[in-house]
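Architecture and fold: a report
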Amino acid sequence: MSEIVDFKKLEETKKKLNRKLYAQAALVALVLILVRMLLISRDNIDNWGLRLAIVGVYILIWYLFLDQLYKRWRDINYKDERNPIDRFVHRLYHNKLATVGLFIVLSVAILALFAPEIALYGSEYQADWKDYALMPPSREHPFGTVSSGEDLFSLICYGSQISLVLGIGVEVIVAVIGIALGVISGYYGGAIDKILHYFTDVIMSFPFLILVIVLVGALRANPDLNERIIDFSSSLGMDAHLLMVFLALTVFGWPGIFRQVRGQVFSIKERDYVAAAKVVGASRSSILFRHIAINTLGPVIVVMTLGIAGVILTEAGLSFLGFGADITTPSWGRLLSEGNSFVTQSKYLYLALFPGIALFLTILGFTTLGDGIRDAIDPRLKL
């Protein structure tokens with residue numbers, strides 16, 4: 001009996017220490033975010049080199065903070081036990097391609113988060129920049145300038161924000177829809193499962209890119225709906241055409257995760273811990289989300305990581321074809337489309353080369369990282 005009491009006391013102590021740790025972490029994170037918002041900006045720091053150095057120090061502080069936070073959390077929760085997160089990281093780091101992918105993804109994330117500080121020039125276009133149109137790469141313009149006179153390196157920095165926000169945003173919403181419908185379909189079965197599965201098969205029977213183009217075209221062709229989307233996107237500070245792409249990718253992007261989750265639920269719902277939850281009187285919502293949905297997240301994270309690369313590539317393709325970003329939006333696909341107009345002239349090859357490299361490396365990073373995560377969470381692999 002004393003052992004049970006000691007165990008309960010240990011669990012209560014862990015909860016108290018965790019709450020204290022989370023409160024301290026939230027306070028430190030809030031301070032760091034305020035420092036970023038109030039002090040680290042183009043307006044406060046004019047010199048690009050100094051700005052870059054300060055950004056580097058700021059990132060280093062975040063790394064040290066997260067490293068110490070994780071070590072303290074591990075000491076509280078897994079001091080005398082085997083830590084599954086350490087095992088996952090160990091597997092991931094032993095995959096060289098996954099490590100390269102992780103480095104690329106983190107680099108793109110830093111570029112997107114600090115685009116205004118890393119970019120050489122601001123994002124506001126000025127008419128007199130036309131005097132600097134189509135300049136080749138130089139010290140002032142490392143990647144050259146585009147036909148409007150804007151610095152290509154700066155446009156690629158701002159374009160990384162579009163690609164990352166769109167990719168992550170679409171995949172998060174798609175994952176929520178796919179997990180919810182997949183859990184319901186797999187758990188209840190019967191008519192609900194048949195209807196959802198049939199509807200998914202109908203969507204997946206059409207080429208994905210064609211469906212997206214058709215929906216984007218339909219949204220643009222409806223004057224009333226188009227005007228509402230423009231007004232809504234203006235309130236968000238977002239390109240209306242990119243918002244249409246976002247909606248189209250969300251509407252047609254969930255069937256893959258749905259099928260992944262549905263297949264897992266058929267197996268998970270027959271396991272002993274689900275039956276035990278039913279015996280002790282757990283509610284249906286608790287069983288669905290705490291015991292089933294949460295155990296489908298591993299493979300879903302892999303699908304999401306690979307899906308982000310697919311979303312970024314699809315958006316770039318749509319912008320290249322004229323169905324995506326507006327001409328004033330620095331999307332990588334739109335930059336490629338502009339560079340394509342000069343591709344026959346070797347002196348302007350840089351217009352397509354640098355956006356193409358940025359797009360290629362980003363997709364490569366997410367793809368290799370997704371493969372690495374899949375191998376790291378596979379219990380059949382033993383290192």
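Each chain carries its own residue numbering, running from 1 in the direction its sequence is written. Residues qualify for local features only when their pLDDT is at least 70, as the model is predicted, and side-chain atom pairs are given and counted only at 80 or more; totals for whole chains, interfaces and linings, by contrast, use all residues. The basis for the side-chain values is all heavy atoms of the structure; hydrogens and waters are excluded.

1. Quick word on the overall build of the chain
- A run of H or I in DSSP counts as a helix once it spans at least four residues, and a run of E counts as a strand once it spans at least two, with each numbered from the N terminus. Summing up its helical and strand segments, the chain has 16 helices and 0 strands in all.
- Between buried and exposed lies partly exposed: a residue is buried under 20% and exposed over 50% of the maximum accessible area for its type, with that area taken using a 1.4 Å probe on protein chains only. Counting every position in the chain, which comprises 383 residues, the buried fraction comes to 40%.
- Whether two residues touch is decided by their heavy atoms; if any such pair falls within 4.5 Å, the residues are in contact. Long-range contacts, defined here as pairs at least 24 residues apart, represent 72% of the contacts in the chain between residues at least 6 apart.
- When the accessible area of the chain is evaluated, it comes to approximately 21700 Å², of which 66% is carbon and sulfur surface. Reported accessibility uses the Shrake-Rupley method at a 1.4 Å probe radius. Residues are deemed covered only where the shown protein chains occlude them.

2. As for the environment of Phe246
- Relative to the elements of secondary structure, Phe246 occurs in helix α10 (residues 240-253).
- C-alpha of Phe246 to C-alpha of Tyr58: the two residues are 188 residues apart in sequence and 32 Å apart in space.
- What Phe246 contacts, discounting residues up to four positions off in sequence, is Leu166, Gly169, Val170, Ile173 and Met238.

3. Focus on the pattern of salt bridges
- Just to be clear on terms, a salt bridge is a Lys or Arg side-chain nitrogen sitting within 4 Å of an Asp or Glu carboxyl oxygen. Summed over all chains, the structure comprises 9 salt bridges.
- With its nearest N and O atoms 3.9 Å apart, the salt bridge here joins Asp201 to Arg259. You can see Asp201 sitting in helix α7 (residues 190-204) and its partner Arg259 sitting in helix α11 (residues 255-268), a full 58 residues away along the chain.
- A residue is classified by how much of its surface remains accessible, and Asp201, at 31% relative accessible area, is partly exposed.
- Here Arg259 falls in the partly exposed class, since its relative accessible area comes to 38%.
- The network of salt bridges with shared partners includes Asp371, Arg374 and Asp375.

4. Here we look at the environment of Gly190
- Along the polypeptide, Gly190 turns up in helix α7.
- For Gly190, a relative accessible area of 46% corresponds to the partly exposed category.
- Remark: the alpha-carbon pair of Gly190 and Leu120, spanning 70 residues in sequence, is separated by 59 Å.

5. Side note on the nonpolar core
- Val183, Ile257 and Ile292 are the most contacted members of the largest nonpolar core, which has 34 residues in total.
- When residues of this core are traced back to their parent elements, those giving at least two are α6 (152-188), α7, α8 (208-221), α10, α11, α12 (272-279), α13 (284-292) and α14 (297-321).
- In terms of residue count, α6 provides more of this core than any other element does, 7 residues in total.
- Filtering out sequence-adjacent residues up to four positions away, Ile292 remains in contact with Val183, Tyr187, Val265, Ile268, Lys269, Val274 and Ile287.
- Only buried residues count toward a nonpolar core. Its members are Ala, Val, Leu, Ile, Met, Phe, Trp, Tyr and Cys residues joined through side-chain atoms within 4.5 Å. Judged by nonpolar contacts, the second largest core, of 32 residues, contains Ala98, Val146, Ile308 and Leu359.

6. Remarks on the packing of helix α3 (residues 84-93) against helix α16 (residues 350-377)
- Fitting a line to C-alpha atoms yields each axis, with helices limited to the stretch in contact; the angle taken between N-to-C directions then spans 0 to 180 degrees. Packing of α3 against α16 leaves a shortest axis separation of 9 Å and a crossing angle of 130°. One element, α3, and the other, α16, form an angle in the oblique class. Two packed elements cross with a definite hand, and for α3 against α16 that hand is right-handed. Contacts from Phe88, Arg91 and Leu92 in α3 reach Gly372, Ile373, Ala376 and Ile377 in α16.
- Polar here means any residue outside two lists: the nonpolar Ala, Val, Leu, Ile, Met, Phe, Trp, Tyr, Cys and Pro, and the charged Asp, Glu, Lys and Arg; Gly therefore counts as polar. Looking at the contact of α3 with α16, its residues break down into 5 nonpolar, 1 polar and 1 charged. For classification, angles of less than 35 degrees are called roughly parallel, those exceeding 145 degrees roughly antiparallel, those between 65 and 115 degrees roughly perpendicular, and all remaining angles oblique. Two helices that cross are described as forming a left-handed crossing if the nearer one is turned anticlockwise from the farther one by less than a right angle, and a right-handed crossing if clockwise.

7. Some thoughts on the confidence of the model for the chain
- Residue-level confidence of the predictor is summarised by pLDDT, bounded by 0 at the bottom and 100 at the top. Per-residue confidence for the chain gives a mean pLDDT of 87; residues scoring 70 or more make up 97%.
- Per-residue pLDDT, averaged within each element of the chain, yields its smallest value for α12 (81) and its largest for helix α4 (residues 96-113) (94).
- Across residues 1-5, where pLDDT falls below 50, the model places 0 contacts with residues more than four positions away in sequence or in other chains.

8. Side note on α4
- The end-to-end C-alpha distance of α4, which contains 18 residues, comes to 26 Å, matching closely the 26 Å that a straight helix rising 1.5 Å per residue would cover.
- When we look at burial in α4, the residues that qualify are Ala98, Gly101, Ile104, Val105, Val108 and Ala112. For α4, the angular spread of buried residues about the axis comes to 120°, placing them on one side. More than 90 degrees from the buried face of α4, the exposed residues found are Lys96, Phe103 and Leu113.
- Tucked inside the fold, the buried residues of α4 contact α3, α5 (115-118), α6 and α16.
- One side-chain oxygen at the N-terminal end of α4 lies 3.3 Å from the backbone nitrogen of Leu97; it belongs to Asn95. Here the expected span of a helix is defined as 1.5 Å times the quantity of residues minus one. The directions from the helix axis to the C-beta atoms are what the arc is built from. Any pair of nitrogen or oxygen atoms within 3.5 Å is treated as a polar contact; in protein, a donor-acceptor pairing is required on top of that, and neighbouring residues in sequence qualify only through side-chain atoms on both sides.

9. Considering a nonpolar patch on the surface
- A surface patch of nonpolar side chains, about 580 Å² in accessible area, is lined by Val343, Leu349, Leu353, Ile357, Phe360, Leu361 and Leu364.
- Topologically, Leu353 is positioned in helix α16.
- By relative accessible area, Leu353 is classed as partly exposed at 41%. Within the patch definition used here, like charges are joined within 9 Å and nonpolar side chains (Val, Leu, Ile, Met, Phe, Trp, Tyr) within 5 Å, considering only residues with over 30% relative accessible area and no salt bridge.

10. Remarks on the packing of aromatic side chains
- Classification of ring pairs rests on two measures: the distance between centres of Phe, Tyr or Trp rings, Trp counted by its six-membered ring, which must be within 6.5 Å, and the angle between planes, read as stacked under 30 degrees, edge-to-face over 60 and tilted in between. Across all of its chains, the model carries 10 aromatic pairs by this definition.
- For the ring pair Trp254 and Phe258, a centre distance of 5.8 Å and an interplane angle of 85° mean the geometry is edge-to-face. Accessibility assignment for this pair places Trp254 and Phe258 in one class, buried.
- Following the ring pairs from residue to residue traces out a cluster consisting of Tyr70, Trp73 and Tyr78.

11. Describing the environment of Leu69
- By secondary structure assignment, the location of Leu69 is in helix α2 (residues 48-77).
- Leu69 sits in the partly exposed class, given a relative accessible area of 23%.
- When the C-alpha positions of Leu69 and Tyr22 are compared, they lie 8.9 Å apart, and in sequence the two are 47 residues distant.
- Residues contacting Leu69, with those up to four places away along its chain left out, are Leu21 and Ala25.

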